[in-house]
2 protein chains.
Amino acid sequence: MTETTLTLADAQALGEAILSRAGAEAGVAREVAAALVAAEADGQAGHGLSRLPSYADQVMTGKVNGRAIPDVTVPAAAAVRVDARSGFAYPAIRIGLAKAAEVVRATGAVVVSITNTHHTGAVGHHVEGLARRGLIGLTMNNGPAGIAPWGGRRALYGTNPIAFAAPRRGAEPLVVDLSMSKVARGKINVAAQKGEAIPAGWALDAEGRPTTDAKAALAGTMLPMGDAKGAALVLVVEILSAALSGARFGYEASSFFTGEGEPPNVGQFFLVLDPGPFSAGHFADRLEDLLGAIEAQDGARIPGLRRLAARRAAAEQGVSIPTSLYQQLQARR
Amino acid sequence: MTETTLTLADAQALGEAILSRAGAEAGVAREVAAALVAAEADGQAGHGLSRLPSYADQVMTGKVNGRAIPDVTVPAAAAVRVDARSGFAYPAIRIGLAKAAEVVRATGAVVVSITNTHHTGAVGHHVEGLARRGLIGLTMNNGPAGIAPWGGRRALYGTNPIAFAAPRRGAEPLVVDLSMSKVARGKINVAAQKGEAIPAGWALDAEGRPTTDAKAALAGTMLPMGDAKGAALVLVVEILSAALSGARFGYEASSFFTGEGEPPNVGQFFLVLDPGPFSAGHFADRLEDLLGAIEAQDGARIPGLRRLAARRAAAEQGVSIPTSLYQQLQARR
């Protein structure tokens, strides 16, 4: 596979041009492109520039409203509600978290519940932004169905990512970012394309039976990380992201990848904490104690460091994407 | 193994007598005994009457203060802080959650952070109590170290249980309750006693190598559910329960099982939500939609139903414990 390297500025300009041409408002195009470029720079290609064609398709058909203005309300002292109005998630999350960062100084804790929203993208980025303001963030997100309830065979839940971030003293924020499926669906796609088997434990076939056949897995469901326990956690994520906000559940949500159909209108949940009132100032010290105990062990690592290394490399060298994707993007700008 | 059956009332009286005789204040003895009996009734023997001898030992040596009065403060509008003062967790959690249930009517969301606390017991019970008041509860707890950071070989984190509960319309609350280790340590203990091997993937030996030797596993560390992803989640639980509250980390905490040593002084984290302000009343309907979609699948189940069935059976027939434990308890009353 040949690759083409772009500077981050060129990638940003390309993304903005494609989204604007599709009909997105200029500010929305800028913000969405920046989010995709940031994901690409962190090595999260699945949430990066590869999304541009399908995002643009969705703006063109109106499945995503590229001109939506999110509606933010504060229905109780520590409760922020955002209706993304079937627009992109990025502006809705930014506006909701900005409100939370303001409110939390008086309340210590705030929950932001977002409805009628779309693909969260690189979930860690949203909470990382909170940590850069000295706040702790925890997020749970649903998406189009890929995971079945434990023992079942029809997908109900998305791969429902969770992310967490906390500010560190004199270091980049700690960021934990993980989807609840055992592996990314993309890995099964790749195996199916190559005609290779997948390891047992990744997926079930359409009848709910364990399978190592990648094609059968694509027709079936993804197994959750942690099996039965993980399936229970995926349910919790589905409830907090979608039942609380009144969004669509995974099995009701349309694809994030195609222009057809109604808006996915999924949900997002954020908990925002100011460590100050809880910890009387000791949080930063205690976090360093714990992270130091991890680093003191050979072979153990603080999560997220690989992503930061990728980000530094991308800032200097740009990002490399498949040349076929690059050509596709150039044709759409 | 012969078993002895007790009525719940007899089990309660026995527990109260043992804890009072060890030196616990009468109200504390009653509350702690009730928590252990409730766990036993739910089929969670590991958090049930088997804990009485070690709890009593800890009261006698002062490792747990059986007369502690938890200190509750509200340092910000949606932040509740509890110092359990090295007493049992049950009163500290009850008092903290009662305050949260009061505060949350105005704030929509509250975080309760508990420090200098002890064994959480059956974690689901605490959040189930919130759901019975119409609230959503999520809790994260640390404990004495059993799980190593991913790639490492020394245990830093407890098995760090998470529990979640939500109120249901016309049904018992939904309760999800899980520890973050792949299996309970008790299962490895049983295998070691029988001289049996354990399945691969449960534990590592003291050198951090995968092992199927139960004795080597007991000298090593427990693997987290979900492997590398689960290890990242265990870290999040450790931070929210212990770094936020200023409690001891797993690797700093003494055992919950012996009378020796300093108080464990671990931490607990609770998020309490009033679904009303977030959902404009639709939460109950949407939760039923989702749970109905689970129940519609052959083989899939709503979590927690087995526990409710055990509870109903125990209310009628009492609880059965090993006769050796019964004799040990009778000798200590």
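Each chain carries its own residue numbering, running from 1 in the direction its sequence is written. A letter from A marks each chain and a number from 1 marks each ligand, given out in the order of writing. In view of the model being predicted, local features appear only for residues whose pLDDT reaches at least 70, and side-chain atom pairs are presented and counted only at 80 or more, with totals across whole chains, interfaces and linings using the full set of residues. With hydrogens and water excluded, all non-hydrogen atoms of the structure serve as input to the side-chain values.

**Student:** It is not clear to me how the overall build of chain A should be interpreted in this structure. Could you clarify?
**Tutor:** Across its full length, chain A carries twelve helices and twelve strands. A compact globule built from 333 residues would reach a C-alpha radius of gyration of about 20 Å, and chain A, at 20 Å, matches this within 12%. With the C-alpha coordinates of chain A rotated into their principal frame, the extents come out at 55 × 45 × 40 Å. The classification of residues rests on relative accessible area computed with a 1.4 Å probe and restricted to protein chains. Under 20% of the type maximum is buried, over 50% is exposed, and intermediate values are partly exposed. When the 333 residues of chain A are sorted by exposure, 57% land in the buried category. Accessible surface is estimated by sampling points in the Shrake-Rupley manner with a 1.4 Å probe; for residues, cover comes only from the protein chains shown. Carbon and sulfur atoms make up 51% of the accessible area of chain A, which amounts to about 12,200 Å² in all. Here chain A contributes 32 positive and 30 negative side-chain charges, whose respective centroids are spaced 2 Å apart. Runs of H or I in DSSP of at least four residues are treated as helices and runs of E of at least two as strands, each being numbered from the N terminus. As a reference, a globule follows 2.2 Å times the number of residues to the power 0.38, and the radius of gyration itself is taken over C-alpha atoms. Counting rule applied: Lys, Arg positive; Asp, Glu negative; His and chain ends not counted. By convention, the charge on Lys lies at NZ, on Arg at CZ, on Asp at CG and on Glu at CD.

**Student:** Teacher, can you tell me more about the nonpolar core here?
**Tutor:** Working definition of a nonpolar core: buried Ala, Val, Leu, Ile, Met, Phe, Trp, Tyr and Cys residues. They are joined through side-chain atoms within 4.5 Å. In this structure, Phe164 and Leu273 of chain A together with Phe164 and Leu273 of chain B are the most contacted members of the largest nonpolar core, which totals 108 residues. Whether two residues are in contact is decided by their heavy atoms, any of which lying within 4.5 Å being enough. Look past the residues within four positions of Leu273 of chain B in its chain and what remains in contact with it is Val111, Leu240, Leu244 and Phe269 of chain A together with Val104, Gly108, Ala109, Leu135, Ile136 and Phe278 of chain B.

**Student:** Would you take a moment to explain the interface of chain A and chain B for this structure?
**Tutor:** Interface size is commonly expressed as the accessible surface area that is lost when the partners come together. The interface of chain A with chain B comprises 74 residues on the first partner and 75 residues on the second. The term buried area means the drop in 1.4 Å probe accessible area that two parts suffer when joined, counted for both and summed. Summed over both partners, the interface of chain A with chain B comes to about 5,600 Å²; 74% of that surface belongs to carbon and sulfur atoms. The salt bridge criterion pairs a side-chain nitrogen of Lys or Arg with a carboxyl oxygen of Asp or Glu, the two atoms within 4 Å. For the interface between chain A and chain B, the tally reads two salt bridges. Taking the shortest distance from any N to any O, the salt bridge between Glu252 of chain B and Arg286 of chain A comes out at 2.6 Å. Whenever two N or O atoms come within 3.5 Å, that pair is a polar contact, provided that in protein one can donate a hydrogen and the other can accept it, and provided that, for residues adjacent in sequence, both atoms are side-chain atoms. Viewed at the interface, chain B and chain A are joined by 24 residue pairs in polar contact (both at pLDDT 80 or more). No other element matches helix 8 (residues 227-243) of chain A, which puts ten residues into the side of chain A that touches chain B. Only Asp, Glu, Lys and Arg are considered charged in this grouping, and only Ala, Val, Leu, Ile, Met, Phe, Trp, Tyr, Cys and Pro are considered nonpolar; every other residue, Gly among them, is considered polar. Residues of the side of chain A that touches chain B, tallied by class, amount to 47 nonpolar, 15 polar and twelve charged.

**Student:** Explain the environment of Pro199 of chain A here, please?
**Tutor:** Structurally, Pro199 of chain A is set in the loop between helix 6 (185-194) and strand 8 (203-204). When near neighbours in sequence (up to four residues on either side) are disregarded, Pro199 of chain A contacts Thr211 and Thr212 of chain A.

**Student:** Explain the packing of helix 3 (residues 52-61) of chain A against helix 12 (residues 323-332) of chain A here, please?
**Tutor:** How two helices pack is summed up by the angle between their axes together with the distance between the axes. Residue and element names in this part refer to chain A. What counts as an axis is a line fitted to C-alpha atoms, over the stretch in contact for a helix, and the angles between N-to-C directions run from 0 to 180 degrees. Relative to each other, helix 3 and helix 12 sit at 30°, their axes nearing to 10 Å. By the angle between their directions, the pair helix 3 and helix 12 is classed as roughly parallel. Across from Leu52, Pro53, Ala56, Asp57 and Met60 in helix 3, the residues of helix 12 making contact are Leu325, Gln328, Leu329 and Arg332. Angle categories: roughly parallel below 35 degrees, roughly antiparallel above 145, roughly perpendicular from 65 to 115, and oblique for all the rest.

**Student:** What exactly am I supposed to notice about unusual backbone geometry here?
**Tutor:** Backbone geometry follows two general trends: most residues other than glycine have a negative phi, and most peptide bonds adopt the trans configuration. All names here are of chain A. Its identity is not glycine, yet Arg85 carries a phi of approximately 55°, on the positive side. Given a relative accessible area of 45%, Arg85 falls into the partly exposed group. Not every positive phi belongs to a glycine, and Asn160 is a case in point at roughly 40°. The exposure class assigned to Asn160 is buried, which follows from its relative accessible area of 1%.

**Student:** How do you make sense of the relation of the copies chain A and chain B when you look at a structure like this?
**Tutor:** One copy of the chain maps onto the other through a rotation about an axis plus a displacement along that axis. Least-squares fitting of one copy onto the other uses the C-alpha atoms of those residues that reach a pLDDT of at least 70 in both copies. Between chain A and chain B, which share one sequence, the superposing operator has a rotation angle of 180° and an axial displacement of 0.0 Å; the RMSD is 0.0 Å. Taken together, the rotation and translation describe the operation of a two-fold axis. Considering only C-alpha atoms, the residue of chain A closest to the rotation axis is Gly226 of chain A, which sits at 1.9 Å.

**Student:** Mind showing me how you'd approach the sheet that holds strand 9 (residues 210-211) of chain B here?
**Tutor:** In any sheet, the strands associate via hydrogen bonds between backbone groups, in a parallel or an antiparallel arrangement. Residues and elements named next belong to chain B. Here three strands make up an open sheet; going across it, the order is 9-8-10 and the pairing antiparallel. Each edge of the sheet is formed by a strand with only one pairing partner; in this case those strands are strand 9 and strand 10 (221-222). Should DSSP find at least two bridges between two strands, the strands are regarded as paired. Relative to strand 9, strand 8 (residues 203-204) runs antiparallel, the two being bridged by two bridges. For Ala203, the partnering residue across the bridge sits in strand 9 and is Thr211.

**Student:** Help me understand empty space enclosed by the protein in this model?
**Tutor:** Over the atoms rolls a probe the size of a water molecule, and its path tells where empty space is left. Lining residues are defined by having an atom within 4 Å of a point belonging to a cavity or pocket. Those points lie on a 1 Å grid over the protein atoms alone, cavities being sets where a 1.4 Å probe fits but cannot get out and pockets being open sets with protein on both sides within 12 Å along at least five of seven lines. Grid points are joined across faces, edges and corners, and a volume is the space filled by probe spheres set on the points. Inspection of every chain in the model, using the stated rule, returns four cavities of 30 Å³ or more. Estimates place the volume of the largest cavity at around 110 Å³. Lining the largest cavity are Leu138, Met140, Ile162, Leu233, Val236 and Val237 of chain A together with Leu138, Met140, Ile162, Leu233, Val236 and Val237 of chain B. Elements represented by at least two residues in the lining of the largest cavity include exactly strand 5 (136-141) and helix 8 of chain A together with strand 5 (136-141) and helix 8 (227-243) of chain B. Here the lining of the largest cavity is composed, by residue class, of twelve nonpolar, no polar and no charged.

**Student:** Mind showing me how you'd approach the pairing of strand 4 (residues 109-117) of chain B here?
**Tutor:** Two faces make up the sheet, and in a regular strand the side chains alternate between them. Residues and elements named next belong to chain B. A large share of strand 4 lies buried, amounting to eight of its nine residues. For strand 3 (residues 79-83) and strand 4, the ladder comprises five bridges, and the chain directions are parallel. Residue Val80 lies in a different strand from strand 4, and its bridge partner there is Val112. The path from the first strand over the helix to the second decides the hand: if it runs clockwise while the strands point away from the viewer, the crossover is right-handed. Of the crossover connections in this fold, the one passing from strand 3 over helix 4 (residues 89-107) to the parallel strand 4 is right-handed. Across seven bridges, strand 4 lies against strand 11 (residues 266-273) in antiparallel orientation. Bridging from a neighbouring strand, Thr117 pairs with Val266 of strand 11.

**Student:** For this particular structure, what's the right way to read helix 5 (residues 123-132) of chain B?
**Tutor:** Residues lying three or four places apart along an α-helix face the same way, a consequence of the helix completing one turn every 3.6 residues. Residue and element names in this part refer to chain B. Across the ten residues of helix 5, seven count as buried, placing the element largely inside the fold. Among the residues of helix 5, Val123, Gly124, His126, Val127, Glu128, Leu130 and Ala131 are the ones counted as buried. Within two residues after helix 5, Gly134 carries a phi angle of roughly 85°, on the positive side.

**Student:** Can you walk me through the packing of aromatic side chains in this structure?
**Tutor:** Given two aromatic rings, one states the distance between the centres and the angle between the planes to describe the pair. Residues and elements named next belong to chain A. Pairing of aromatic rings covers Phe, Tyr and Trp, the last counted by its six-membered ring, and requires centre-to-centre distances within 6.5 Å; plane angles under 30 degrees mean stacked, over 60 mean edge-to-face, and any other angle means tilted. One pass over the structure, following the stated rule, counts six aromatic pairs over all chains. Plain terms: the ring middles of Phe249 and Tyr251 are 5.9 Å apart, the flat faces sit at 15° to each other, and that makes the pair stacked. When its relative accessible area of 0% is taken as the criterion, Phe249 is described as buried. Pairwise contacts between aromatic rings join Tyr55, Phe88 and Tyr90 into one cluster.

**Student:** Honestly, the domain arrangement of chain A in this entry has me stumped. Any pointers?
**Tutor:** Residues and elements named next belong to chain A. Taken domain by domain, chain A holds domain 1 (1-61 + 305-333) and domain 2 (70-181 + 224-302). For domain 1 and domain 2, the distance between their C-alpha centres works out to 23 Å. Between domain 1 and domain 2, the contact holds 23 residues from the first and 20 residues from the second. Its largest share of buried area at the contact with domain 2, domain 1 owes to Glu31, Tyr55 and Gln58, together 27% of the area lost on that side. Taken together, the connections running from domain 1 to domain 2 amount to three salt bridges. Among the salt bridges present, the one from Glu128 reaches Arg311, with a minimum N-O distance of 2.6 Å. If you look at where domain 1 meets domain 2, you find eleven residue pairs in polar contact (both at pLDDT 80 or more). The set of elements that each furnish at least two residues to the side of domain 1 that touches domain 2 consists of helix 2 (26-41), helix 3 and helix 11 (305-317). Ranked by residues supplied to the side of domain 1 that touches domain 2, first place goes to helix 2 with seven residues. Each residue belonging to the side of domain 1 that touches domain 2 can be placed in one class, and the counts come to eleven nonpolar, five polar and seven charged. Annotation comment: domain bounds sourced from an automatic or database domain assignment.

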